[in-house]
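Descriptive structure summary
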Amino acid sequence: MMYNVTMARPKRIETEEERKARQAFYVQRWRTENPEKQKLARQRAYNNRKIKAMVMVGGAVCVRCGCDELHALEFNHKNGGGASEHRQNNNTPIVDRILTMKRDVDDLEILCRVCNSLDHLERKLPEIKGRYEVRYMTPIAGEKRRE
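Below is a short write-up of the structure. Here the structure is a predicted model, which means the values were calculated and not measured. (Residues numbered from 1 in each chain as written. Predicted model: local features only at pLDDT ≥ 70, side-chain atom pairs only at ≥ 80, totals over all residues. Heavy atoms only, no water.)

Quick word on the nonpolar core
Within soluble globular proteins, side chains that are nonpolar generally end up buried alongside one another. The biggest cluster of nonpolar side chains holds 19 residues, and the ones touching the most others in it are Val57, Cys62, Phe75, Ile98, Leu108 and Cys112. Elements supplying a minimum of two residues to this core: helix H2 (35-57), strand S1 (73-77), helix H4 (94-99) and strand S2 (108-112). When residues of this core are assigned to their parent elements, the largest contribution, four residues, is made by S2. Excluding its chain neighbours within four sequence positions, the residues that come into contact with Val57 are Phe75, Ile98, Val105, Leu108, Glu109 and Ile110. (Core = buried A, V, L, I, M, F, W, Y, C linked by side-chain atoms within 4.5 Å. Buried < 20%, exposed > 50% of the residue type's maximum accessible area, 1.4 Å probe, protein only. Helix = DSSP H or I, 4+ residues; strand = E, 2+ residues; numbered from the N terminus. Contact = heavy atoms within 4.5 Å.)

Next comes the structure, spelled out in structure tokens:
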């Protein structure tokens, strides 16, 4: 009587480069098939980096009005010059430069978009300084906050 003995096929040993290429192929395919999930994952990663950088500057809250809505918070250059600095650094996000310690945080503060615009106007038009006040109203109980 003969037994049907099947031998296990020997596994092919994969080099590190082949493994990385195979993994990159699957990751790329997943990203192509799931663009919405990929967009959300990138946004979450950026928001986490933004919070860490803001904590290094002084906290994720507007220093003028107290706004704590992450999507509305921005880095303000106390002495101006943020746009030229951004161009000089090949458009590298300030968040990444802060986290890699390539950017000092002494001349930065956190402002919401409204307060940042007002700060810009006050620097351009000194005669309006102190004329406007921004107040942040906390969300009403039961309302959903945007993150």
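Focus: the pattern of salt bridges
Taken as a whole, this structure holds twelve salt bridges when the rule is applied. Between Glu14 and Arg22 there is a salt bridge, with the nearest N and O atoms lying 2.9 Å from each other. Given a relative accessible area of 34%, Glu14 falls into the partly exposed group. Arg49 is the salt-bridge partner of Asp96, the closest N and O atoms lying 2.9 Å from each other. With a gap of 47 residues between them, Asp96 in helix H4 and Arg49 in helix H2 connect regions that are remote in the sequence. When its relative accessible area of 24% is taken as the criterion, Asp96 is described as partly exposed. A relative accessible area of 30% places Arg49 in the partly exposed class. (Salt bridge = Lys/Arg side-chain N within 4 Å of Asp/Glu carboxyl O.)

Quick word on the layout of surface pockets
Considering only enclosed or pocket space, the largest pocket measures out at about 390 Å³ in volume. Taken together, 22 residues line the largest pocket, and the ones lying closest to its centre are Phe75, His77, Gly82, Ile94 and Asn116. When contributions to the lining of the largest pocket are tallied by element, the ones reaching two or more residues are H2, S1, helix H3 (82-88), H4 and helix H5 (113-124). Residues belonging to the lining of the largest pocket are distributed by class as follows: seven nonpolar, eight polar and seven charged. (1 Å grid on protein atoms, 1.4 Å probe; cavity = no way out; pocket = protein on both sides within 12 Å on 5 of 7 lines; lining within 4 Å. Points joined across faces, edges and corners; volume = space filled by probe spheres on them. Nonpolar A, V, L, I, M, F, W, Y, C, P; charged D, E, K, R; others polar.)

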